[in-house]
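Analysis of the macromolecular model
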Amino acid sequence: MVAWRPPARSTSGSGSAAPANRASGRARRCGRAARGARLRGRAPLGRRDARLLVLLGESARASLDATTRCPACSESIEFSPGAAQLLDAEPAALAPLERDGLVVRWRPPDSRDALAASAAVEAAAAHAILLERCVLAATGPDGAVAPSELPAAVRDTLDAAIAASDPLAEILVDLACPVCGVAFVADLDLASFVWAELDAGARELLGEVDVLARAYGWTEPEVLALTDRRRAAYLRLAREGVS
Ligand SMILES: [Zn+2]
């Protein structure tokens, strides 16, 4: 598993205008992204995360720093696939699956399915919940077949079809260790990076509200009503005032 590392942020309180302005912009983008996530509850998981990533401002020109360890020599390896590169992964068409005399109509799991499956304690139970929700209809020579009654071979084929339909849900990257030369495949956890970004943006905005509320006695709604530019200007004044 690879840990995504959000880009470094300025923690300086020196009064420089640019960092505060950037932070505000990021926080606002995060709010938009979070709303987009709710609206897109039915989007396949990987595609949802990639869209969020773009909304967060890590656009085509930006790259994301990811780190992993070489499985042979444990060397820490950094690499930077761009968001646009991630979005280039094309999903496979959602054709009904035909195997062993069965025809299965299905759809890829989305955020609501993942939430429902997360209630299960064991992986097998979570898998069963996903199957129940994502199999729209299964029919064999003798009529309808319940998702739980599908043979193991059909379930395996369905798992593979679901993975191919949403390639961004699991991102595999070919890497070679610069120290020992071993080639290996890294499994990127895109979702954890996106949610770390959202969390960081919310914290930055909270910090700005705190500074301005203390300096001017404003309420949170009053601070949030300011434009990015005005908020950055007041932050600069507030920080200059205490240094
Ligand atoms: Zn190595």
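Residues numbered from 1 in each chain as written. Predicted model: local features only at pLDDT ≥ 70, side-chain atom pairs only at ≥ 80, totals over all residues. Heavy atoms only, no water.

**A short note on the overall build of the chain**
When you go through the chain residue by residue, the secondary structure sums to 9 helices and 9 strands. A separation threshold of at least 6 residues defines the contact pool for the chain, and within that pool the share at least 24 residues apart is 66%. For the chain, the exposed area adds up to about 13500 Å²; of that, 55% sits on carbon and sulfur atoms. (Helix = DSSP H or I, 4+ residues; strand = E, 2+ residues; numbered from the N terminus. Contact = heavy atoms within 4.5 Å. Areas by Shrake-Rupley, 256 points an atom, 1.4 Å probe, with all protein chains shown as cover.)

**Overview of unusual backbone geometry**
Positive phi is not limited to glycine here, since S74 has a value of about 65°. With respect to the helices, strands and loops of the structure, S74 is situated in the loop between strand 2 (65-69) and strand 3 (76-79). On the basis of relative accessible area, S74 is assigned to the partly exposed category, the value being 44%. Located in the positive-phi region is D100, a residue other than glycine, with phi close to 50°. As for its placement among the helices and strands, D100 is situated in the loop between strand 4 (97-99) and strand 5 (102-106). (Buried < 20%, exposed > 50% of the residue type's maximum accessible area, 1.4 Å probe, protein only.)

**With respect to the coordination of the zinc ion**
Distances from the zinc ion to its protein donors, C70 (SG), C73 (SG), C177 (SG) and C180 (SG), fall within 2.3 Å. Under the relative-accessibility criterion, C180 is labelled partly exposed at 37%. (Donors = N, O, S within 2.8 Å, 3.2 Å for Na, K, Ca; no water.)

**Some points on the pairing of strand 5**
Of the two faces of strand 5, only one is covered, namely that formed by L102, V104 and W106; the face formed by V103 and R105 stays uncovered. Here strand 4 runs beside strand 5; their pairing, made up of 3 bridges, is antiparallel. Bridging from a neighbouring strand, R99 pairs with L102 of strand 5. Following strand 4, the chain reverses through 2 residues before pairing antiparallel with strand 5; D100 in that reversal takes a positive phi of roughly 50°. As paired elements, strand 5 and strand 6 (residues 135-140) share 4 bridges and run antiparallel to each other. In the strand pairing of strand 6, V103 is matched with T139. (Pairing = 2+ DSSP bridges.)

**Regarding helix 5 (residues 123-134)**
Between its first and last C-alpha atoms helix 5 spans 16 Å; for 12 residues at 1.5 Å apiece the expected length is 16 Å, and the two agree. Taken together, the buried positions of helix 5 are A126, L131 and C134. Taken end-on, helix 5 shows its buried residues confined to a sector of 140°, consistent with a single buried face. The inward-facing, buried residues of helix 5 abut strand 5, helix 4 (111-118), strand 6 and helix 6 (152-165). (Expected span 1.5 Å × (residues − 1). Arc of directions from axis to C-beta.)

**Details of the sheet that holds strand 7 (residues 143-144)**
Ordered by their spatial adjacency, 4 strands build an open sheet running 4-5-6-7, and the pairing between neighbours is antiparallel. If you trace the sheet from one side to the other, it starts and ends with strand 4 and strand 7, each paired once. Its contacts with the sheet put helix 5 on strand 5 and strand 6, and the angle it makes with strand 6 is roughly 80°. (Axes fitted to C-alpha atoms, helices over the stretch in contact; angles between N-to-C directions.)

**Digging into the environment of A232**
One can find A232 in helix 9 (residues 228-242). Along the sequence, A232 and E208 sit 24 residues apart, while their C-alpha atoms lie 8.9 Å from each other.

**As for the side chain of R107**
With respect to the element layout, R107 can be found in the loop between strand 5 and helix 4. Among the polar contacts listed, one links the side chain of R107 to the side chain of D113, at a separation of 2.7 Å. Side-chain polar atoms of R107 contact the backbone oxygen of R133, separated by 3.3 Å. (Polar contact = N/O pair within 3.5 Å; in protein donor to acceptor, adjacent residues only side chain to side chain.)

**Here's the deal with the packing of helix 4 against helix 5**
Where helix 4 meets helix 5, the axes come as close as 8 Å, and the angle between the chain directions of the two elements is 145°. Crossing of helix 4 against helix 5: the hand is right-handed. The segment helix 4 lies against helix 5, with R112, D113, A114, A116 and A117 engaging A126, I129, L130, R133 and C134. Here the contact of helix 4 with helix 5 is composed, by residue class, of 7 nonpolar, no polar and 3 charged. (Left-handed = near helix turned anticlockwise from the far one by under 90°. Nonpolar A, V, L, I, M, F, W, Y, C, P; charged D, E, K, R; others polar.)

Just geometry here; none of it tells us what the structure is for.
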